[in-house]
Amino acid sequence: MTAGIPEFIPAVVRARLRDLQLLARRPSGSPGFGAHHSRSHGAGLEFAQYRAYQQGDDPLQFDGKLHARSDRYYVREAERDSPLEAWLLVDATASMAQGDAARPGWSRLDAARAIAACVIELALRQGDRFGLVTIGGDGLAMVPAASGPRQRNRCLLHLRRLQARGAWPAPASLRAVGERIGAGSLALVLGDCFDEACVGLAGQLSAARREVLTVQILTAEERDFPFHGGYRFTDPETGEELLGDGASAREEFLVRFAAARRSLAARLASQGIRHVEYFLDQPLDAPLQRLFGKASGDAGTERT
């Protein structure tokens, strides 16, 4: 990565991204793959240029003759057809600061940053355009869609500066999101999906013919509720507190939490939105493997 640009993706995860490809399932109304010839670079058939090797690149793309002449590794890139425009919508409200004892120092927002960075790398590799929207206590911020390494760097720097605070803004202030994200675009929402405004925005984008995917970022503690003894539970966005005994509250919490997750999954599925869950103790690329991997199939919604 270029000096000064944050590296959110571990090398082992970057290597696994080679098997993934961003694809839109909903017809966009624009020419599809193979019909729209863009001068973009990625995995394709027609040679376009060389570029310096980056960690995680496929060794099969190395050019041995050029390495022999220059003693440096270069990768062959090819022109490909790509009408896709991908948008990352990142929840940066206060609840995204929550961490997990199962993975100290790793918060929901850290996971959202890293998953967004993975999608950016996929779009960059394919030569697709991509943009970034962050929503939190500081309001709405956008990095307009573009392509190329400089665009990636702009997005990663914006993600590095992002802090989790405040609550979702009023729905009226989110109107600009739908206006900027064009019909047929792929929009990936990364957040805990606890806010009605977040779920509502995803539904509005889907109804307006954007292909919407949601990754609900949850803690292992929410999944397992491993609390014993007296606890004070605090809502980071409202400040509301609840005192209780962990062991006695566990069964009721797990039943209600599972029901809420099933209800959310069903609601999103009814709106044509692909939805998966990610827990903070899982591999970083797990939700992307379910959404874009070879075994993703047509199930659309994961319910766990």
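If you're wondering where the values come from, they're calculated on a predicted model, not measured in any experiment. (Residues numbered from 1 in each chain as written. Predicted model: local features only at pLDDT ≥ 70, side-chain atom pairs only at ≥ 80, totals over all residues. Heavy atoms only, no water.)

(A) Focus on the pattern of salt bridges. Within this structure, the stated rule accounts for 15 salt bridges. Arg-223 is the salt-bridge partner of Asp-224, the closest N and O atoms lying 2.9 Å from each other. Between Glu-252 and Arg-256 there is a salt bridge, with its nearest N and O atoms 3.5 Å apart. Remark: Arg-256 and Glu-252 occur in helix 8 (residues 246-270); sequence separation between them is four residues, near one turn of the helix. On the accessibility criterion, Arg-256 (59% relative accessible area) is exposed. Here the salt bridges do not stand alone but share partners, grouping Glu-7, Arg-14, Glu-121 and Arg-152 into one network. (Salt bridge = Lys/Arg side-chain N within 4 Å of Asp/Glu carboxyl O. Helix = DSSP H or I, 4+ residues; strand = E, 2+ residues; numbered from the N terminus. Buried < 20%, exposed > 50% of the residue type's maximum accessible area, 1.4 Å probe, protein only.)

(B) Main features of the sheet that holds strand 5 (residues 129-136). Here we have six strands laid out as an open sheet, ordered 6-5-4-7-8-11, and mixed in their pairing. The open sheet has two free edges, formed respectively by strand 6 (139-146) and strand 11 (274-279), since each of these has just one partner strand. Here the average twist between neighbouring strands, direction ignored, is 15°. As judged from the eight bridges shared by strand 4 (residues 85-92) and strand 5, these two strands associate in the parallel manner. (Pairing = 2+ DSSP bridges. Axes fitted to C-alpha atoms, helices over the stretch in contact; angles between N-to-C directions.)

(C) Seen up close, the nonpolar core. Val-90, Leu-188, Leu-190, Val-215, Ile-217 and Tyr-278 are the most contacted members of the largest nonpolar core, which totals 47 residues. Of all the secondary-structure elements, those providing two or more residues to this core are strand 4, helix 3 (108-126), strand 5, helix 4 (149-161), strand 7 (186-191), strand 8 (211-218), strand 11 and helix 9 (286-292). Per-element accounting of this core gives the leading share, 13 residues, to helix 3. Those residues in contact with Leu-190, other than ones at most four positions away along the chain, are Leu-88, Leu-89, Val-90, Asp-91, Met-96, Ala-112, Ile-115, Ala-116, Val-215 and Ile-217. (Core = buried A, V, L, I, M, F, W, Y, C linked by side-chain atoms within 4.5 Å. Contact = heavy atoms within 4.5 Å.)

Read these as geometric descriptors, not functional statements.
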